[in-house]
Amino acid sequence: MPENPNKPSAPVHFIRAIIEEDLKTNKWGGRVHTRFPPEPNGYLHIGHAKSICLNFGLAAEYNGLCNLRFDDTNPTKEDVEYVDSIMEDVRWLGFSWDDRLYYASDYFEQLYDYAVQLIKKGKAYVCDLSPEEVRQYRGTLTEPGQNSPYRDRSVEENLDLFERMRNGEFPDGSRTLRAKIDMASGNLNMRDPTIYRIKHATHHRTGDKWCIYPMYDFTHCLSDSIERITHSICTLEFEDHRPLYDWFLDQLGVYHPQQIEFARLNLSYTVMSKRKLLQLVQEKLVNGWDDPRMPTICGLRRRGYTPESIRAFAEKIGVAKRDSVVDVALLEHCVREDLNLRANRVMAVLRPLKVVIDNYPEGKVEELEAVNNPEYPGAGTRKLPFAREIYIEQEDFKEFPPKKYFRLAPGQEVRLKHAYIIKCVGVVKDDKTGAVKEVHCVYDPQTKSGESADSRKVKGTLHWVSAAHAKTAEVRLYDKLFTKPDPDEDGDFKASLNPNSLEILTSCAIEPGLADAKPLEHFQFLRHGYFTVDPDSRPGNIIFNRTVSLRDTWAKVEKKEN
RNA sequence: UGGGGCGUCGACAAGCGGUAAGUCACCAGCCUUUGGAGCUGGCAUUCCCAGGUUCGAAUCCUGGCGCCCCAGCCA
């Protein structure tokens, strides 16, 4: 595969700057140790890809390590289906965690001990308030909260109660373990946050061993500490939680990673929240998590995106603290740039129109040589059958051509890619509908592709497929899933779903060699775009997904003329 | 009337007191047997606003304004 000569050198964003400074001052003894910590409650999307590329990328760049850790502290929402898909997606993106696969649930015993330590220090207590009461005691954004009546229980009583919580003596929701911090803090996270809650639920890894589960805030910072993470990179909304993490770590006197927050990715014309994506799947508004219209990693993979293009995208969008929405056109640019170099060009006629070349001998078949990829000579050439009857694209012929239309029209000449120049001499129409059924042309034998006898210039070049040799294929054309840059604009993202986001074409004519392409192989359909073979393809019934169309200046001209 | 962040081109994003990088998008031209790709050029006298400090401010100071996040026993 050719190297992209335009590969940009990595820009120094603020996190790189922090790491380089830390390396210079030897803050972590030269170590860079990050982690990607997903909760296994959904499929990964392009926003996670940004985080994955950041965490694994930084580690690789600075000779460090990056762990994969599942933050699996809520058994009622998590599932092994998700842990499997997450591992597959991270691997596919091109990253490896070697033997550093961890689960927060591996630390449950250790975490329990930490909680006991807090109780012994008088820094945590068992609270009997109901969820509603806790909310009332919490106060509001502008008013301080009130202390729980259970806040001053003795260490002995707390120890006893907490142990009995673990032993399953109390029902769900009846009690919690809370940190004793400050009910008047302006930061609500510091108003005696919950550390443990009772959930008599089966965990996907620990089974029924536990009926109390630690909360995310407690678990996350301590898991990072246990793994001796140097840079705990997370998104902006956790900035408010940092004081709480600092408090836990300091009270316990344990290893203290440095947390750095960055802005999560938003992409135009799509939604990124797990809740909304789950809704699209559950309500069958799309065909599953890997529907090629989804911004999920598996959706993008099935759509034909490459790991390289996603990594390039992650690099190009940068890393900062400002809320932003990246134009989906940048993502599309990244796949085009990658696929332009690696995808073989092939000919596929999506909406066939028959062309008969009147002066071409009946029964004759020529094998024409075609270059596979002009951007990469190493891709070689292939033979293409040419005969008297061929298919061209319906939109490549117009009986009454508009201005600047360089394609086929009565009396007009075009080049057939890799073949001859032909001239339109007549049309056959359907008696009833008046639609053009067939176009008649004559060819000039002197204009065979690659033979220098002729230097005639024609404005247009069309792709084509020999009618007798063509194979049939199904092609799925995808458009944006939503009609608005911000689907959430007026609070109802489903209202802005694009009814035309999928168009299925079932009678496409493809060049013969394409019929046995392998799933996820990438091609450029000449003059159309980049396509990949859908994994649902079966022998004799091949399906192609359009990854992205080619830039289409004619479409722009056409639009402007109107 | 709480706490935490953030405001640089249509969209991302550099810049860290010495006179506004780069990318996408867009526009124009060249080139082309893909109306693709490639190439060339254009695209912020100005950095949310107002004052101030300075020979000099996007960068420092003061005061405004705007946007985002937080009141799960979710993560």
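As a starting point, this report considers the structure included with it. (Residues numbered from 1 in each chain as written. Chains lettered and ligands numbered in written order. Predicted model: local features only at pLDDT ≥ 70, side-chain atom pairs only at ≥ 80, totals over all residues. Heavy atoms only, no water.)

Let us look at the pairing of strand β21 (residues 471-478). Consecutive residues of a regular strand have side chains that alternate between opposite faces of the sheet. In terms of burial, β21 is largely enclosed, as six of its eight residues are buried. One ladder, built from seven bridges, connects β21 with strand β22 (residues 502-510); its direction is antiparallel. Across the sheet, the residue bridging to L477 is E503, located in β22. Note: β21 against strand β25 (residues 543-549), three bridges, orientation parallel. Residue pairing across strands places V475 opposite F544, the latter belonging to β25. (Buried < 20%, exposed > 50% of the residue type's maximum accessible area, 1.4 Å probe, protein only. Helix = DSSP H or I, 4+ residues; strand = E, 2+ residues; numbered from the N terminus. Pairing = 2+ DSSP bridges.)

Another aspect to go through is the environment of S185. Relative to the elements of secondary structure, S185 occurs in the loop between β5 (176-179) and β6 (194-198). Residues S185 and L141, spaced 44 residues apart in sequence, show a C-alpha to C-alpha distance of 9.8 Å. Residues in contact with S185, not counting those within four places in the same chain, are M190 and R191. Side-chain polar atoms of S185 contact the backbone nitrogen of N187, separated by 3.0 Å. (Contact = heavy atoms within 4.5 Å. Polar contact = N/O pair within 3.5 Å; in protein donor to acceptor, adjacent residues only side chain to side chain.)

As a further point, take the packing of helix α11 (residues 307-317) against helix α12 (residues 328-342). For the pair α11 and α12, the least separation of the axes is 9 Å and the interaxial angle reads 135°. Relative to α12, the element α11 lies oblique. As α11 packs across α12, the resulting crossing turns out to be right-handed. Where α11 approaches α12, its residues E308, S309, A312, F313, K316 and I317 are matched on the opposing element by L330, L331, H333, C334, V335, E337, D338 and R342. Within the contact of α11 with α12, the residues separate by chemical class into seven nonpolar, two polar and five charged. (Axes fitted to C-alpha atoms, helices over the stretch in contact; angles between N-to-C directions. Parallel < 35°, antiparallel > 145°, perpendicular 65-115°, else oblique. Left-handed = near helix turned anticlockwise from the far one by under 90°. Nonpolar A, V, L, I, M, F, W, Y, C, P; charged D, E, K, R; others polar.)

The geometry of an aromatic ring pair comes down to the distance between the two centres and the angle between the two planes. Within this structure, the stated rule accounts for 25 aromatic pairs. Its end group placed over the ring of Y112, R166 keeps NZ or CZ at 4.5 Å from the ring centre. In this structure, R301 packs its charged tip against the face of W92, placed 5.2 Å from the ring centre. (Phe/Tyr/Trp six-rings, centres within 6.5 Å; stacked < 30°, edge-to-face > 60°. Lys NZ or Arg CZ within 6 Å of the ring centre and 35° of its normal.)

The subject of this paragraph is the sheet that holds strand β17 (residues 421-429). If you trace the seven strands from one edge of the open sheet to the other, you get β19-β16-β17-β18-β12-β15-β20, paired in mixed fashion. Each edge of the open sheet carries a strand with a single partner, namely β19 (461-462) and β20 (465-466). Direction of pairing for strand β15 (residues 389-393) relative to β20: antiparallel, over a ladder of two bridges. Across the sheet, the residue bridging to Y391 is V465, located in β20.

Right, let's talk about the protein's contact with RNA strand B for a bit. Among the 67 residues in the neighbourhood of RNA strand B, the closest are listed as T73, R322, R345, S449 and Q524. Counting only the atoms of RNA strand B within 4 Å of the protein, the fraction contributed by sugar and phosphate is 64%. L129 has a polar backbone atom sitting 2.7 Å from a base nitrogen of RNA strand B. In the model, a sugar or linking oxygen of RNA strand B is placed 3.2 Å from a nitrogen or oxygen of the D323 side chain. (Near = heavy atom within 4 Å.)

Another aspect to go through is the sheet that holds β25. Pairing is mixed in the open sheet, where seven strands are placed in the order β10-β23-β24-β25-β21-β22-β11. Lying at the two open borders of the sheet, with one neighbouring strand each, are β10 (344-346) and β11 (348-349).

When the terminal C-alpha atoms of helix α6 (residues 155-166) are compared, their 16 Å separation across 12 residues agrees well with the 16 Å that a helix rising 1.5 Å per residue should span. At its buried positions, α6 is contacted by α4 (108-120), β4 (124-127), β5, β6 and β7 (212-214). Downstream of α6 by one or two residues, G168 has phi in the positive range, about 85°. (Expected span 1.5 Å × (residues − 1).)

On to the nonpolar core. In this structure, I46, I52, F56, V90, L267 and F313 are the most contacted members of the largest nonpolar core, which totals 39 residues. Taken together, the elements giving at least two residues each to this core come down to α2 (46-61), β2 (65-70), α3 (80-92), α10 (297-303), α11 and α12. Among the elements that take part in this core, α2 stands out by supplying six residues, more than any other. Once you skip the residues sitting within four places of it in the chain, F313 turns out to touch I46, L265, L267, V326, L330, L331 and C334. (Core = buried A, V, L, I, M, F, W, Y, C linked by side-chain atoms within 4.5 Å.)

As a packed pair, α4 and helix α7 (residues 216-226) sit with axes 11 Å apart at the nearest point and diverge in direction by 110°. Classified by the angle their axes make, α4 and α7 are roughly perpendicular. Taken as a pair, α4 and α7 cross one another with a handedness that is right-handed. Residues Q110, L111, Y114, A115 and L118 of α4 lie in contact with α7, whose contacting residues are F218, T219, L222 and I226. For the contact of α4 with α7, the residue count by class is seven nonpolar, two polar and no charged.

Our focus in this paragraph is unusual backbone geometry. Excluding glycine, residues mostly have negative phi values, and the peptide bonds linking residues are mostly trans. Positioned with a positive phi, N63 is a non-glycine residue whose angle comes to about 60°. Here N63 lies in the loop between α2 and β2. If you check the backbone angles, D192 has positive phi at about 45° while not being a glycine. Note on placement: D192 falls in the loop between β5 and β6.

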